[in-house]
Amino acid sequence: MMYVADALLKAMEEVGLKDVFGIPGSANLGLYEKIPDHDVNVILMRHEQGAAHAADAYGRVKRKVPGVAFATSGPGATNLVTGIATAYMDSAPMIAITGQVPTTVMGRDAFQETDVVGVTMPITKHNFLVRKPEQIPWFVKAAKIIAVTHRPGPVLLDIPRNFWNVEIEYYMPSDEEILKAFIPGYTPNPPPPDMQKVAMAAKLLAEAESPVILVGGGVWWSGATQEVLNLAEILMAPVVTTLMGKTAVPADHPLVLGHAGMHGRPEANYALYHADVVLAVGTRFSDRTVGNFEEFKKGKKIIHIDIDASEIGKNIEPEVGIVGDAKEIVRLIGERVLEILKGPRKDELPIIKKAKEFAEYAWNELLKERGRGLKPWKVLKIVREELPKHAIVTTGVGGHQMWAALHYKVLEAGTYITSGGLGTMGFGFPAAIGAKVAAPERPVLDIDGDGSFLMTSQNLAVLTQYNINVGVLIFDNGSLQLIRQWQDLFFGKRRVGENLAYLPDFVKMAESFGVAGVRPESYEEMREAIRRIANGESLIIDYIVDPDIMVMPMVPPGKVIAPENIILTPEQAKGIRV
Amino acid sequence: MNVKLYQIKVSIYAAVDGGLDGLVRSMHVIRKAPVIFHEMAVVDAGVTKEVSLTVSGEERDVRWLVKKIEKLVDVLEVSVNEIPEEVSRIKVVV
């Protein structure tokens, strides 16, 4: 016999859930009491939102091991919500375990009672209110299976606090028992690919004049990086990515043109827009990627591969939709294309040259000297030069995120973690903590904004307390930069609510938490600072950015990613309202 | 607009939590779908709750809704059938 709290922790140990980010409270103190008896590492975050982001990023790095967030009932649980929604939107595996008020008072507005299962139903892959304490190991194993298999996502377990001291017979079921008796409606493995559709897709691609491969985050989850590059090399076709797909392919591959979308690279937008056949892999066709669905679809055929059947045709109706594992399907398509072409092509398709010619013109304009101080694109070039290939970069949300997407080159798959779907400010810093716990041997840098960093910066204390070495590069322009930019470009220059007056001195703030801080004033000083992070040091870099340097290029919201819609200078936005 | 009436049948596994959570989860999906919800009946069938829904909408949207419901962890089975308007007391309004 053992207590439920021990059973939960033992079950976590058995399924490999050994790292937890959380905050205790009255509804989970019975759980915390037992932690010293188990091989479970618990990190005290300074706000539950940070705990959820850390757990999310941990899962993004580990892929098959979700991070875990602990929170108490009521406000503890509701503080997790933004982090859970972030993980859900980016299909990241995580498990949230919340304490709940005792069953004896449940539903009666007890102190710190919130129906967190009800609250999180639309933003979790699944959630459970534990009703039978003897089933705790079943819940833990089911949560892990659901979180990491098929399309990954967050799972929440809500456990009434009067259960912690209930004694149960510990029994850990097998995966088969879980799938048969506990979650029989769940299919962990994707269906085998429809070979007829694979053949159709291969024929379309082989016969296309300007095929383009659009890589989404699903390529990372599926581990399909090499298969995508192999197919691109057979076709000699360009690869462009979504924001989430940026982490899935190396930017230094000659066929990779970078990410497309609202702030996409001109060459990527050009190629994607002018493609006659698009092979979209593991992407939900976000409006931020293509701009306008109807306009984008004109004159092109779409092949859409996704593990989630409900994504096929959701935003864009494809000519061929294939449900299944991206890695297997892309491999099969590659084999068929190779047969049709009787070998790989030797020369790059003309669309690549055209895209690069357009980009050359665009970049000449975009990289002109403008504004005061150190330029974002030059700073990010230094970051890339100084960090090793396997270093992990996280980002917050805002202007800095778009600068990083444009100018920071991912050289190794899985090393770029950003909040793409929900666009959660405050994500970057706790995500960096989660990433570092998941991969302690790698340097981790959070590229953040002043507004974004402030939202979760209380977690600076975590670095010092647990000796977690993470760097933060704060783009400090004293404003909510993208808000200011949108107001300037599309809302009659009426700046309201974007001015971050009375910002703290980030260097002193870091030092007050026991973390070193610097404010570089030259590119050389910036390089030295980044080098310290590359060498594994915790360091906060307060990078002063001219707020008048807008993030360009930009496609106005609602407009398709056509070259004529790409704004290279603020003057080109004149007269546009959104 | 080719709006028609459809009956969606959903079988929800109820052995772990009684099936109410699965039902509410399904409702969360349906309420955001581009269909009009008309009526619903739920029957207790022991280890499952059998749900019958009537919605109207375009076939493409209804089929997408079915796929969204199908992927819920507690849903065992989903089926959809068009209801001929002449046999329904619900009139489709476009």
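Note: the structure precedes this text.
As the structure is a prediction and not an experimental result, all values here were calculated from the model.

Caption draft 1: Representation of the environment of Glu-207 of chain A in the model. Residue and element names in this part refer to chain A. You can see Glu-207 is positioned in helix 9 (residues 195–207). We classify Glu-207 as exposed; its relative accessible area is 55%. Sequence separation of Glu-207 and Val-507 is 300 residues, and the distance between their C-alpha atoms is 57 Å.

Caption draft 2: Local environment of the nonpolar core. Residues and elements named next belong to chain A. Core analysis: the biggest nonpolar cluster contains 163 residues, and Phe-21, Phe-296, Ile-333 and Leu-473 have the highest contact counts within it. With eight residues, the single largest contributor to this core is helix 16 (residues 350–366). Here Ile-333 is in contact with Val-198, Ala-201, Ala-202, Leu-205, Leu-231, Leu-279, Ile-305 and Ile-322, once residues within four sequence places are set aside.

Caption draft 3: Broad picture of the packing of aromatic side chains. Residue and element names in this part refer to chain A. Evaluated as defined, the whole model comprises 16 aromatic pairs over all chains. Ring plane angle 55° and centroid distance 6.4 Å describe the contact between Phe-285 and Phe-296, whose orientation is recorded as tilted. Of this pair, Phe-285 sits in the loop between strand 12 (277–281) and helix 13 (287–290) while Phe-296 sits in helix 14 (residues 293–297), placing them eleven residues apart in sequence. Phe-296 carries the same exposure label as Phe-285, and that label is buried. Arranged with centres 5.9 Å apart and planes meeting at 65°, the rings of Phe-453 and Phe-506 form a pair that is edge-to-face.

Caption draft 4: Inspection of the sheet that holds strand 2 (residues 36–44) of chain B at higher detail. Residue and element names in this part refer to chain B. Taken in spatial order, the four strands make up an open sheet running 2-3-1-4, and their pairing is antiparallel. Strands with a single pairing partner mark the edges of an open sheet, and in this sheet they are strand 2 and strand 4 (75–83). The sheet shows a mean angle of 15° between the axes of neighbouring strands, taken without regard to direction. With eight bridges joining them, strand 2 and strand 3 (residues 48–58) adopt antiparallel strand pairing. Its bridge partner lying in strand 3, Ala-41 is registered against Ser-52.

Caption draft 5: Representation of the interface of chain B and chain A. Listed by partner, the interface residues are 19 residues for chain B and 25 residues for chain A. Across the interface of chain B and chain A, roughly 1900 Å² is buried in total on both sides, 54% from carbon and sulfur atoms. For the chain B face of the interface with chain A, the top three residues by lost area are Val-16, Arg-25 and Val-73 of chain B, together amounting to 36%. One can count three salt bridges joining chain B with chain A. Across the pair Arg-60 of chain B and Glu-317 of chain A runs a salt bridge, and its minimum N-O distance is 2.9 Å. Viewed at the interface, chain A and chain B are joined by seven residue pairs in polar contact (both at pLDDT 80 or more). For the side of chain B that touches chain A, the element with the highest residue contribution is helix 1 (residues 20–32) of chain B, accounting for five residues. Taken together, the residues of the side of chain B that touches chain A break down into nine nonpolar, one polar and nine charged.

Caption draft 6: Main features of the sheet that holds strand 12 of chain A. Residue and element names in this part refer to chain A. Sheet architecture is open: six strands sit in the order 11-10-9-12-13-14, paired in parallel fashion. Unpaired on one side and paired on the other, strand 11 (256–259) and strand 14 (320–323) mark the two borders of the sheet. Between one strand axis and the next, the sheet turns by 15° as a mean value, whatever way the strands run. Bridge analysis of strand 9 (residues 211–215) against strand 10 (residues 239–241) gives three bridges, and the strand direction is parallel. Across the sheet, the residue bridging to Leu-214 is Val-240, located in strand 10. Each of strand 9, strand 10, strand 11 and strand 12 is contacted by helix 12 (residues 266–274), which is oriented at about 100° to strand 11, the strand it contacts most. Across the sheet, helix 15 (residues 326–341) lies against strand 12, strand 13 (301–306) and strand 14, angled at about 135° from strand 13, the strand it touches most.

What counts as what
- Residues numbered from 1 in each chain as written.
- Chains lettered and ligands numbered in written order.
- Predicted model: local features only at pLDDT ≥ 70, side-chain atom pairs only at ≥ 80, totals over all residues.
- Heavy atoms only, no water.
- Helix = DSSP H or I, 4+ residues; strand = E, 2+ residues; numbered from the N terminus.
- Buried < 20%, exposed > 50% of the residue type's maximum accessible area, 1.4 Å probe, protein only.
- Core = buried A, V, L, I, M, F, W, Y, C linked by side-chain atoms within 4.5 Å.
- Contact = heavy atoms within 4.5 Å.
- Phe/Tyr/Trp six-rings, centres within 6.5 Å; stacked < 30°, edge-to-face > 60°.
- Pairing = 2+ DSSP bridges.
- Axes fitted to C-alpha atoms, helices over the stretch in contact; angles between N-to-C directions.
- Buried area = accessible area lost by both parts, 1.4 Å probe.
- Salt bridge = Lys/Arg side-chain N within 4 Å of Asp/Glu carboxyl O.
- Polar contact = N/O pair within 3.5 Å; in protein donor to acceptor, adjacent residues only side chain to side chain.
- Nonpolar A, V, L, I, M, F, W, Y, C, P; charged D, E, K, R; others polar.

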